[in-house]
Structure formats: structure tokens, C-alpha cells
Amino acid sequence: MKLEKAKKIGRKFQNPVATKVGGLAMLPKVIWTKLTNKKETVPMVAPGPFITDVTAYKVEPESGLRVTWFGHSAMLVEIDGVRVLVDPMWDERASPVRWGGPKRFFAPTMRLKDLPRVDAVLISHDHYDHLGKETVRTLARLLPEVRWVTSMGVGGLLAGFGVQRERITELDWTEETAVGGLRVISLPARHFSGRAAWNRNETLWSSFVLRGPKSAVYVGADSGFWEGFGAIGEAYGPFDLVMLEIGAFDEAWRDIHLGPDGAVKALGELGSGMLMPVHWGLFDLGLHGWREPMERLRELGVRTFQPEPGVPTEFVGEEVRSDWWV
């Protein structure tokens, strides 16, 4: 399969393959399931507290690759001397309003003002669980000189939240930019975008490759399974770490979310790298129990790099299995 730039019909970006995205017709089912669901979709006892030891950042990782996972899809990736903050989400809720919507299971592991030097902020797409308005506003104030790299069309949102336009780089699929000695490559994903019912797919959604002189990471962001994973691995691999989503899955959403089984399948298609499961453990965005994504992944027996929230963890090729969620 050939990897290509994104296509549009009118104002709407299109997925790389035909994709079914749940619409208003699914709403009654979702509401009914939420009302009658007996699963523990929100922790009865808040996990943590988790605290990031910021002094760890004073020492560079010997391997060249270290990741701090802050929960969900937010993480600081330190790769070959470059620091990339991915989909930072410090907001209390993944929602357009402060008084309702999915609320964090645990508090941020550190204050934004205590972040170490950051070279780039990477935003995969515009959904509320990946792009928090207050987080962006705070970062724009604290880090006025940082580079922002994102998908086509998302730059307008960032600018509206206070980011200087000249600091924003928007990428189409297969395009890339350099941050220091790091290549940041935008690639197709099978998902959708929109922060309201009336602007769906008017901005692009992407996965990314972070490739340095020594290390390489695939940031899968949000995506359902599609045949392009093999093409990505062939063209841009091999990878050290592969970050794939395992949460917010349901049979009705299989086109746009991997879930644990889809993540393992995608990992196999990519052909290299250890799986780092993301997009779980912080917000109630699905119909499953909050522990279910990791429970199922453990059943599948795949080796994982799964550090505790907030702990800067060096990747040295060995499995990391935190049981913070048990």
C-alpha cells in the first residue's frame, strides 16, 4: 500500500481507507449503555497520587531514549537529545465545558511550570482528550519560544489559544520537519477530527514518526486498524518504541480505535518496536471497565513498555510492566 497525502472532499479530510465513524444514530445506544453499565468505568478509589521527580531531567538518558507518560496519550519523549511533549493534556476534563464531561482519574503528576526544557510540542489532532484549551494557553505563556508541530488545520485552534503563529508548523501526511537533529514525520491514521458536531473532519488527524540519529519512535495517536501499518513500518522503521492506543474501544468503533487486540495486530504489521500502550487509564471515554484495556493486553501476552504515570523511564530494550492500575 502506498502512503499518500491527505485528500479532501469539499472542506472534509478523508481517511486513507473507507471508514465508518459513529454518528447521531449511535447516541441512544451509548446513552443507554452508560446508564445501565455495571462495570467500573471510573475508579472507585482515585489512583495515585503520582509525582514526577523533576530532578531526573538533569541527567540525560544513557540510551538516548526516555519517556514520561502522564496518562492517556500525554507524554514527554526525550530522544537523542531532543525533548518532545506529545498531546499534553493537563485540563481537568476532556470536554468543551468545565462543569461536565469526562473527568481525570488522577491529578497531573507535575505542574506545567516545572517542565524541563521542551524543544517541541506535538499535537496529533483536535479532540478534547488530546488538545486541552487551558493546557495550550498555559504552555503558550510558559514556553513562548517552543516549536509546535501539528496536523493540517489545527494551527488555527492553537493560535486562538495563544500560540504565536510563527511557532506553528502544520504537516500533511508524508510531510516532515526537523527539530534539532530529530525528524518529525506526519503519517496517515484512521480516525476523525472535530470539536463540535458541525465541524467534523475539517482538520486533519495524524500519526507521527520521531526519528533521531540513534533512536526511532512511532506515535500512533488515535487510529483504527488499517493495512497502512505495514507500509509505515517498511518505509520508516525499524522502531524502538511503538505507542499505540488501547482504550475507548468497542466493536462499533473498531474502524477508528484499535483496542488491545488491534494494537497487537498493528504492532505485528509495523514489524519492529516494543509496544507502549497509551490512550487509557485517565478518562472514561468508552463503554468498558477502566482497567479492561490493560487486562486484555496482558491476556494477549505481548511484551510492553508500560511505566507508572509520571515516572521518567529510560528505554533500554527491556520490558517495563507497572501494575499501578491493579
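Residues numbered from 1 in each chain as written. Predicted model: local features only at pLDDT ≥ 70, side-chain atom pairs only at ≥ 80, totals over all residues. Heavy atoms only, no water.

J.: What is the right way to look at the overall build of the protein in this model?
T.: Secondary structure assignment for the protein yields six helices and 17 strands. Its C-alpha atoms give the protein a radius of gyration of 18 Å, within 12% of the compact-globule value 20 Å for 326 residues. Counting only C-alpha atoms and orienting by the principal axes, one finds that the protein spans roughly 50 × 45 × 40 Å. Pairs at least 24 apart in sequence give 68% of the contacts found in the protein among residues at least 6 apart. Accessible surface for the protein amounts to roughly 14,100 Å². Of this, 53% is attributable to carbon and sulfur atoms. Charge separation in the protein, taken as the distance between the mean sites of 40 positive and 41 negative side-chain charges, equals 5 Å. (Helix = DSSP H or I, 4+ residues; strand = E, 2+ residues; numbered from the N terminus. Rg over C-alpha atoms; globule rule 2.2 N^0.38 Å. Contact = heavy atoms within 4.5 Å. Areas by Shrake-Rupley, 256 points an atom, 1.4 Å probe, with all protein chains shown as cover. Lys, Arg positive; Asp, Glu negative; His and termini not counted. Charge placed at Lys NZ, Arg CZ, Asp CG, Glu CD.)

J.: What is the right way to look at the packing of aromatic side chains in this model?
T.: Think of a pair of aromatic rings as described by two things: how far the centres are apart, and how the planes are tilted against each other in angle. With the rule as written, the count across this model stands at 15 aromatic pairs. On the basis of an interplanar angle of 40° and a centroid distance of 5.9 Å, the ring pair of W290 and W324 is categorised as tilted. Of this pair, W290 sits in the loop between β14 (274-278) and α6 (292-300) while W324 sits in the segment after β17 (320-321), and the two are 34 residues apart along the sequence. An aromatic cluster of three or more residues is present, and its members are F50, W69, F105, F106, W280, W290, W324 and W325. (Phe/Tyr/Trp six-rings, centres within 6.5 Å; stacked < 30°, edge-to-face > 60°.)

J.: What exactly am I supposed to notice about the environment of T150 here?
T.: Note on placement: T150 falls in strand β7 (residues 147-151). Each C-alpha atom, one on T150 and one on G10, is 21 Å from the other, the two residues being 140 residues apart in sequence. Not counting residues within four places of it along the chain, the set of residues in contact with T150 comprises I123, G155, L158, I168, T169, E170, L171 and F208. Engagement of the side chain of T150 in a polar contact is seen with the backbone oxygen of I123, the distance being 2.8 Å. (Polar contact = N/O pair within 3.5 Å; in protein donor to acceptor, adjacent residues only side chain to side chain.)

J.: Is there a simple way to think about the pairing of strand β10 (residues 182-187) in this case?
T.: Strand residues, when the strand is regular, have side chains that alternate between the two faces of the sheet. Counting buried residues in β10 gives five out of six residues, a clear majority hidden from the surface. As judged from the four bridges shared by strand β9 (residues 176-179) and β10, these two strands associate in the antiparallel manner. Within β10, the residue paired with A178 across the bridge is R183. Remark: two residues form the turn of the hairpin made by β9 and β10, two consecutive strands paired antiparallel; G180 in that turn has positive phi of roughly 60°. Where β10 meets strand β11 (residues 207-211), five bridges bridge the pair, whose relative direction is antiparallel. Each residue of the ladder has a partner; that of V184, found in β11, is L210. (Buried < 20%, exposed > 50% of the residue type's maximum accessible area, 1.4 Å probe, protein only. Pairing = 2+ DSSP bridges.)

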